[in-house]
Amino acid sequence: MGNGQWFPAEWPERIRALAEGTLTPVTPRRAATVMLVKDSEAGPVVHMLRRRTSMAFAGGAYAYPGGGVDPRDDEHQIRWAGPTRAWWARKLGVDETSAQAIVCAAVRETYEEAGVLLAGPSPDTVVGDTTGEDWEADRAALVARDLSFAEFLDRRGLVLRSDLLGAWARWITPEFESRRYDTWFFVAVLPEGQRTRNASTEADRTVWIRPADAAAGYDKGELLMMPPTIATLRGIVEYERAADALAAAPARDLTPVLAKARLEDGEVVLAWPGHDEFTKHIPTGGASA
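Residues numbered from 1 in each chain as written. Predicted model: local features only at pLDDT ≥ 70, side-chain atom pairs only at ≥ 80, totals over all residues. Heavy atoms only, no water.

Trainee: How should I be thinking about helix α2 (residues 85-92) in this particular structure?
Mentor: Helical geometry note: an α-helix holds 3.6 residues per turn, so side chains three or four residues apart project in the same direction. The set of residues buried in α2 consists of R85, W88, A89, K91 and L92. Considered in projection along α2, the buried side chains sweep an arc of 165° and stay on one side of the axis. Elements that come into contact with the buried residues of α2 comprise β5 (80-81), α3 (96-114), β8 (165-172) and β9 (181-189). A positive backbone phi angle near 75° is found at G93, which sits one or two residues after α2. (Buried < 20%, exposed > 50% of the residue type's maximum accessible area, 1.4 Å probe, protein only. Helix = DSSP H or I, 4+ residues; strand = E, 2+ residues; numbered from the N terminus. Arc of directions from axis to C-beta. Contact = heavy atoms within 4.5 Å.)

Trainee: Teacher, can you tell me more about the pattern of salt bridges here?
Mentor: Side chains that carry opposite charge are capable of pairing whenever their charged atoms lie near each other. Inspection of every chain in the model, using the stated rule, returns 16 salt bridges. As a salt-bridge pair, E109 and R108 come within 3.0 Å of each other at their nearest N and O atoms. The salt bridge involving R108 is made with E112; its shortest N-O contact spans 3.1 Å. Of this pair, R108 and E112 both sit in helix α3, separated by four residues, roughly a single helical turn. The pair formed by R108 and E112 is uniform in burial state, with each residue classed as buried. (Salt bridge = Lys/Arg side-chain N within 4 Å of Asp/Glu carboxyl O.)

Trainee: Even after reading the chapter, I still don't get helix α1 (residues 11-20), so can you show me in this structure?
Mentor: Turning to α1, its buried residues number three or more, namely W11, P12, I15, R16 and A17. Its buried side turned inward, α1 meets β12 (260-264), β13 (267-272) and β14 (275-283). Of the residues flanking the end of α1, it is G21, one or two places downstream, whose phi is positive at about 85°.

Trainee: For this particular structure, what's the right way to read the sheet that holds strand β7 (residues 159-161)?
Mentor: Strands belonging to one sheet form pairs held by backbone hydrogen bonds; the direction of such a pair is parallel or antiparallel. An order of β5-β7-β6 is seen for the three strands of this open sheet, with the pairing classed as mixed. Each end of this open sheet is capped by a strand with a single partner; those strands are β5 and β6 (119-120). (Pairing = 2+ DSSP bridges.)

Trainee: I keep staring at the sheet that holds β13 and nothing clicks. Help me out?
Mentor: With antiparallel pairing, three strands are arranged side by side in an open sheet as β12-β13-β14. Because the sheet does not close on itself, it has two edges, and the strands there are β12 and β14. On average, each strand axis in the sheet is tilted by 25° relative to the strand beside it, whichever way the strands run. Alignment of β13 against β14, held across five bridges, turns out to be antiparallel. If you follow V268 over to β14, its bridge partner there is I282. Of the strands in this sheet, β13 and β14 touch helix α7 (residues 227-236), which is tilted by about 155° from β14. (Axes fitted to C-alpha atoms, helices over the stretch in contact; angles between N-to-C directions.)

Trainee: What is the right way to look at the pairing of β9 in this model?
Mentor: Remark: a regular strand shows side chains that alternate across the two faces of the sheet. For β9, a buried count of seven out of nine residues is recorded, marking the element as mostly surrounded by other parts of the structure. As judged from the nine bridges shared by strand β1 (residues 29-40) and β9, these two strands associate in the parallel manner. By the bridge assignment, A32 is partnered in β9 with W184. Alignment of β8 against β9, held across seven bridges, turns out to be antiparallel. Directly across from W171, in β9, lies its bridge partner T183.

Trainee: How should the layout of surface pockets be read in this particular structure?
Mentor: To locate leftover empty space, one rolls a probe as large as a water molecule over the atoms. Taken as a whole, the second largest pocket encloses approximately 170 Å³ of empty space. Together, 14 residues line the second largest pocket, and A169, W171, R252, V257 and H275 are the ones closest to its centre. Secondary-structure elements contributing two or more residues to the lining of the second largest pocket are β8 and α7. At four residues, the largest contribution of residues to the lining of the second largest pocket is made by β8. The residue inventory of the lining of the second largest pocket, partitioned by class, reads seven nonpolar, four polar and three charged. (1 Å grid on protein atoms, 1.4 Å probe; cavity = no way out; pocket = protein on both sides within 12 Å on 5 of 7 lines; lining within 4 Å. Points joined across faces, edges and corners; volume = space filled by probe spheres on them. Nonpolar A, V, L, I, M, F, W, Y, C, P; charged D, E, K, R; others polar.)

Everything listed here is a matter of coordinates, which is why it stays silent on function.
Structure, rendered in C-alpha cells:
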C-alpha cells in the first residue's frame with residue numbers, strides 16, 4: 001500500500017466471517033485519547049507516541065496518549081472546573097456519569113503516558129512540574145490501577161480542569177476487530193510549566209511534530225497510523241496556533257465514525273463513512289487492494 005494506513009493481516013478473514021454471519025462482534029470498551037498541542041517557531045506541534053511493535057493492537061503505529069475508561073471514575077463526584085457534567089454529557093452523547101468518566105480517562109491517560117496533568121489546586125490554576133518522586137509514585141499507582149483517578153485528585157486536593165479539554169471526534173473500532181473501543185478524541189494545549197516525557201510502557205518513541213509533517217509522513221508510507229489518528233491530524237493542520245485548535249473544538253461534530261464492510265462484486269468493501277481515503281477493496285481470495 002502506498003500510505004501508512006494500519007491494516008492487520010487478519011482483517012480480510014474476519015470481515016468475511018462477519019459478512020457471512022459466523023463472527024459475533026464484541027462490545028466496544030469506552031476509551032479516550034488526547035491530541036496534546038503546543039506552539040513552536042514553525043507553528044503548532046502535536047505530541048505523538050509510537051506503540052511498541054510487540055503490542056497486540058496497532059503495534060508500530062503512531063498514536064496519542066490514551067486508553068480505556070476506569071469504571072471507578074463513574075462512581076465518585078470529583079472536584080471539577082469548566083463546563084458542567086451536563087454540558088459534557090450533551091457534547092459526548094452520553095449520560096452525566098459516563099461523561100465524567102470519559103473526561104477523567106482523557107486527563108488520567110495524558111498524565112500516565114505523557115506526564116502532563118490537566119488539573120490544579122483551584123478552578124483557575126494548573127499544576128507545574130510533575131516529575132518529582134512523589135508524583136511518579138502516584139502516576140505508577142494510577143497505571144497499576146491501585147489508585148483511582150478520583151482518589152488521586154482527592155489525595156492531592158486537585159480540581160480537574162475540563163475547560164482545558166476540547167472534544168474533537170468519536171471513532172468506534174469496526175465490528176470485525178477482536179479488540180474494540182468506543183473512543184472520544186480530545187484536544188488540549190500543553191499547560192505552561194509542564195513538559196512531556198515518554199512515561200508509557202506501551203511506547204518506544206515520542207515526538208513533537210507539526211501535524212502537516214506527520215500527515216506527509218503517513219502519505220509517504222513512512223509513519224504507520226490508524227484511520228482515526230490520521231483523520232484527526234488532518235483536522236488540526238489548518239490552525240496557526242495551538243489555542244486556535246482548542247477554540248474550534250466546541251463546534252466539532254461528534255457523530256460516531258464506524259467502519260462498515262459489505263460484499264460487492266465478489267469482493268469485500270471496507271469503508272469509513274465520511275472518510276473516503278480509507279476505503280479498502282478486499283478480494284474474496286484474501287489479499288487487500
